[in-house]
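Here are the chains, one letter per residue:
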Amino acid sequence: MRLLVLGGTEFVGRAVVEDALARDWDVTVFHRGRHAAPSGTTVLHGDRTEEGGLGALAPGRWDAVVDTWSGAPAAVAASARLLAGRAGHYAYVSSRSVHPFPAEAGLDEDGPVVDGDPEAGATDYPHDKRGGELAAEAAFGDRALFVRAGLILGPYENIGRLPWWLERVARGGPVLAPGPRDLPLQYVDARDLAAWTLDAVGKGLGGPYNLVSPPGHTTTGELLEACAAVTGSDAELRWTDPGAVLDAGIQPWTELPIWLPPGELHETLHQGDVSKALGTGLRCRPVAETVADTWAWLRTLEGGAPQRPDRPRVGLDPETEARLLGA
């Protein structure tokens, strides 16, 4: 297989590239040159946001394209139009955020979606992702695959969610653990997303697929206990009622990454229907493996986990944590 990855140097894109290389595929990576591409790839440079920025893609043919773009749909439209006659399949890594909020528990791919404009500039995440889907579909038709991810974790994460928990637990001492302990979580390891995506383009799948683990694949308790186990710290997880956390003014998701209290926010993110992806071969590794491998990767870095410049840093201020635990 000849694969073109638009991106391919960070997080999900890098996981896709590494999986493809492990399959002995011929991989081309097109990116801006800000980060080193994995060895063994053919590297093309360009900036999709600039006029003429796709020039390096003018020649060449590929069996499949994987696009992880999360900005303006117009950039997806330009890439897809350019490649439509020279690539067999176009996999766009989208998001379950294309469904209007709140999404009911058990919502599948046929649920309502927000409006999108395939030629639009950047607006907001849900509309950008929906516009990107429409842009890919306009150029590739049923050869366009929409990989609707939810929460993504694993090595190379550049958002900071699992890295923050690992680093916080590694410091030890009393740790604010937001309850309930058995609250179910739904996420996908970037490597499992990559494996399914490459399998899917090989099978010629098209259309939307929810790409996260089954609901309840793990729990908040299992996730944080795995963090304590792999870091070997003396951390004491202090399980705290969600009401007390919220009453203290602590923000779910941003100050306490990954966690959402029970309710419609949790139902939207952690209770989606993924039977379509499971029926086409999605396999999700245990949370302990995702946590252990992410910790092993973090320990190879100097200066902590990478951080996307377009995303705010996540995590709870130590003084706020200590104040609540003291109360």
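Look up: the structure comes first, before these words.
Everything in this summary refers to the structure shown in the same document. (Residues numbered from 1 in each chain as written. Predicted model: local features only at pLDDT ≥ 70, side-chain atom pairs only at ≥ 80, totals over all residues. Heavy atoms only, no water.)

### Some thoughts on the pairing of strand β4 (residues 62-67)
Now for step 1: Burial within β4 is extensive, with five of its six residues counted as buried.
Now for step 2: Note: strand β1 (residues 2-6) against β4, four bridges, orientation parallel. Bridge pairing links Leu3 to Ala64 in β4.
Now for step 3: Note: β4 against strand β5 (residues 87-95), five bridges, orientation parallel. Bridge assignment links Trp62 to a residue of β5, and that residue is Ala87. (Buried < 20%, exposed > 50% of the residue type's maximum accessible area, 1.4 Å probe, protein only. Helix = DSSP H or I, 4+ residues; strand = E, 2+ residues; numbered from the N terminus. Pairing = 2+ DSSP bridges.)

### Re the packing of helix α4 (residues 161-171) against helix α6 (residues 220-231)
Now for step 1: At their nearest, the axes of α4 and α6 sit 9 Å apart, and the two run at 55 degrees to each other. By the angle class used here, α4 and α6 are oblique. In the packing of α4 onto α6, the handedness of the crossing is right-handed. When α4 is examined against α6, the residues Leu162, Trp165, Leu166, Val169 and Ala170 are found in contact with a partner set consisting of Leu223, Leu224, Cys227, Ala228, Val230 and Thr231.
Now for step 2: For the contact of α4 with α6, the per-class residue count stands at 10 nonpolar, one polar and no charged. (Axes fitted to C-alpha atoms, helices over the stretch in contact; angles between N-to-C directions. Parallel < 35°, antiparallel > 145°, perpendicular 65-115°, else oblique. Left-handed = near helix turned anticlockwise from the far one by under 90°. Contact = heavy atoms within 4.5 Å. Nonpolar A, V, L, I, M, F, W, Y, C, P; charged D, E, K, R; others polar.)

### Some words on the sheet that holds strand β11 (residues 207-211)
Now for step 1: One open sheet accounts for seven strands, arranged β3-β2-β1-β4-β5-β6-β11; its pairing is parallel. A single partner strand is all that each edge strand has here, and the edge strands are β3 (42-45) and β11. Direction aside, neighbouring strands of the sheet carry axes that sit 20 degrees apart on average.
Now for step 2: Two strands pair when backbone bridges link them, and strand β2 (residues 26-31) and β3 are joined in this way by four bridges, in the parallel orientation. Looking across to β3, one finds that Val29 is bridged to Val43.

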